[in-house]
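# Close look at the chain arrangement
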Amino acid sequence: MSDRTPLGEFLRARREGLKPCDAGLPAHGRRRVPGLRREEVAMLAGVSPDYYMRLEQGRETSPSPQVIDAIAAALRLADEEREHLRRLPPAYRARPRGIPAGGHDEVGPQLRRLLDSWPDTPAFVLGPALDVLAHNALAAALHSGFRRFDNLARMVFLDPAGRAFHQDWARAARSCVSELRAAYGHDPDSARIAEVVGTLRSKSEDFAELWSRHEVRGKTRREKVLVHPEAGPLEIQFSAFTVNDAPHQQLVVYQAEPGSAGAAALAELRSRG
């Protein structure tokens, strides 16, 4: 990913993205760096400037939990960003019990049956690198305009259909990248995440720029408008759920309001199948 450590990369990106006024500091005179200076973050966190500089440069990789929390407060990190920061030091990384290395792509038979039991609702299972591991028929029909329904990030950034499918493409792009960042924080050594990120960085300037921001956000519950090439716009709500027996996977479910144009469009897509 970079010559710096994941911890150092994240700290620098968040420092450069924070304005002095956001941290309660005066912004007098010209500043030679974007965002806060290292010594300003160190002062706010109550650590020495040299120590903080070593953290950013990757020469210090085992900060105490107290230091991590103090820096998180200094950088005004949101809860999800704070948890991401806590996972980045090598000493704090641990693979969740019961999840073997590389075992992110096996979808259990019960979950597959559950997907198929929802004929009126698009639903699919994602791996950490946003690979589509399983899906039901209506999810496939909804994404039929893409060359392949295989990886959400690739579809957004590299498939020509991506920009037309997402009415707010910029939001979808930013969401994909921040979700990949969150997954990377859980497993920085993942070969599959590194492969997806490497491919996208080399082929998409938009992805490379967003990746450099180090924004972190997992899938939750939101609304968006998708535009199917034949059925037209669909206003849908989506929810993402952790799979208890495979916490490295997410079950994603799309729904439209009953009686809405989106629900009618989904019904039309189902009838064509």
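Rules and cut-offs
- Residues numbered from 1 in each chain as written.
- Predicted model: local features only at pLDDT ≥ 70, side-chain atom pairs only at ≥ 80, totals over all residues.
- Heavy atoms only, no water.
- pLDDT = per-residue confidence, 0-100.
- Helix = DSSP H or I, 4+ residues; strand = E, 2+ residues; numbered from the N terminus.
- Contact = heavy atoms within 4.5 Å.
- Salt bridge = Lys/Arg side-chain N within 4 Å of Asp/Glu carboxyl O.
- Buried < 20%, exposed > 50% of the residue type's maximum accessible area, 1.4 Å probe, protein only.
- Pairing = 2+ DSSP bridges.
- Axes fitted to C-alpha atoms, helices over the stretch in contact; angles between N-to-C directions.
- Left-handed = near helix turned anticlockwise from the far one by under 90°.
- Nonpolar A, V, L, I, M, F, W, Y, C, P; charged D, E, K, R; others polar.
- Core = buried A, V, L, I, M, F, W, Y, C linked by side-chain atoms within 4.5 Å.

### Brief notes about the confidence of the model for the protein chain
The share of residues in the protein chain with pLDDT of 70 or more is 91%, and the mean pLDDT across the chain is 89. Predicted confidence in the protein chain is weakest over strand E3 (residues 221–228), with a mean pLDDT of 86, and strongest over helix H8 (residues 152–157), with 98. Confidence drops under a pLDDT of 50 for residues 96–102, and excluding neighbours within four residues, the segment shows six contacts in the predicted structure.

### With respect to the pattern of salt bridges
Scanning all chains against the criterion turns up 20 salt bridges. Because the salt bridges share partners, they merge into one network encompassing Arg148, Asp150, Arg154 and Asp159.

### Some points on the pairing of strand E5 (residues 246–255)
Counted residue by residue, E5 has seven buried out of ten residues, so it is predominantly covered. Bridge count between strand E1 (residues 123–126) and E5: four bridges; the pairing is antiparallel. By the bridge assignment for E5, Leu126 is matched with Gln250. Across seven bridges, strand E4 (residues 232–243) lies against E5 in antiparallel orientation. Its bridge partner lying in E5, Val243 is registered against Ala246. Adjacent in sequence and paired antiparallel, E4 and E5 are bridged by two residues.

### Observations concerning the packing of helix H4 (residues 65–74) against helix H5 (residues 79–87)
Contact pair H4 / H5: the axes reach a minimum separation of 10 Å and the direction vectors enclose 145 degrees. H4 and H5 meet at a crossing whose hand is right-handed. Taken together, the residues of H5 that come into contact with H4 (itself represented by Ile68, Asp69, Ala72 and Ala73) are Arg82, Leu85 and Arg86. When the residues that make up the contact of H4 with H5 are grouped by side-chain class, the tally is four nonpolar, no polar and three charged.

### Some points on helix H2 (residues 38–45)
At 3.6 residues per turn, the α-helix brings residues three or four places apart onto the same side. Within the sequence span of H2, burial applies to Glu40, Val41, Ala42 and Ala45. Looking at the buried side of H2, the elements it contacts are helix H1 (6–16), helix H3 (49–57) and H4.

### Thoughts on the environment of Asp189
Counting through the fold element by element, Asp189 comes out in the loop between helix H10 (169–186) and helix H11 (191–203). Assessed through its relative accessible area of 62%, Asp189 is described here as exposed. For the pair formed by Asp189 and Val216, sequence separation is 27 residues and the distance between their alpha carbons is 17 Å.

### A closer look at unusual backbone geometry
The phi angle at Arg76 is positive, at roughly 55 degrees, despite the residue not being glycine. Structurally, the position occupied by Arg76 is in the loop between H4 and H5. Look at Arg76 and you get partly exposed, because its relative accessible area is 44%.

### A short note on the nonpolar core
Formed by 43 residues in total, the largest nonpolar core has its most connected members in Phe124, Leu152, Phe157, Leu180, Phe207 and Tyr254. In contact with Leu180, not counting residues within four places along its chain, are Pro128, Ala129, Leu130, Ala153, Val196, Val197, Leu200, Phe207 and Trp211. Of all hydrophobic cores here, the second largest spans 25 residues; its members include Leu18, Leu25, Val41 and Tyr51.

### Points about the packing of H2 against H4
One can describe the packing of H2 onto H4 by two numbers: an axis separation of 8 Å at closest approach and a directional angle of 115 degrees. Here the hand of the crossing between H2 and H4 comes out right-handed. Between H2 and H4, the contacting residues are Val41, Leu44 and Ala45 on the first element and Ala70, Ile71 and Ala74 on the second.

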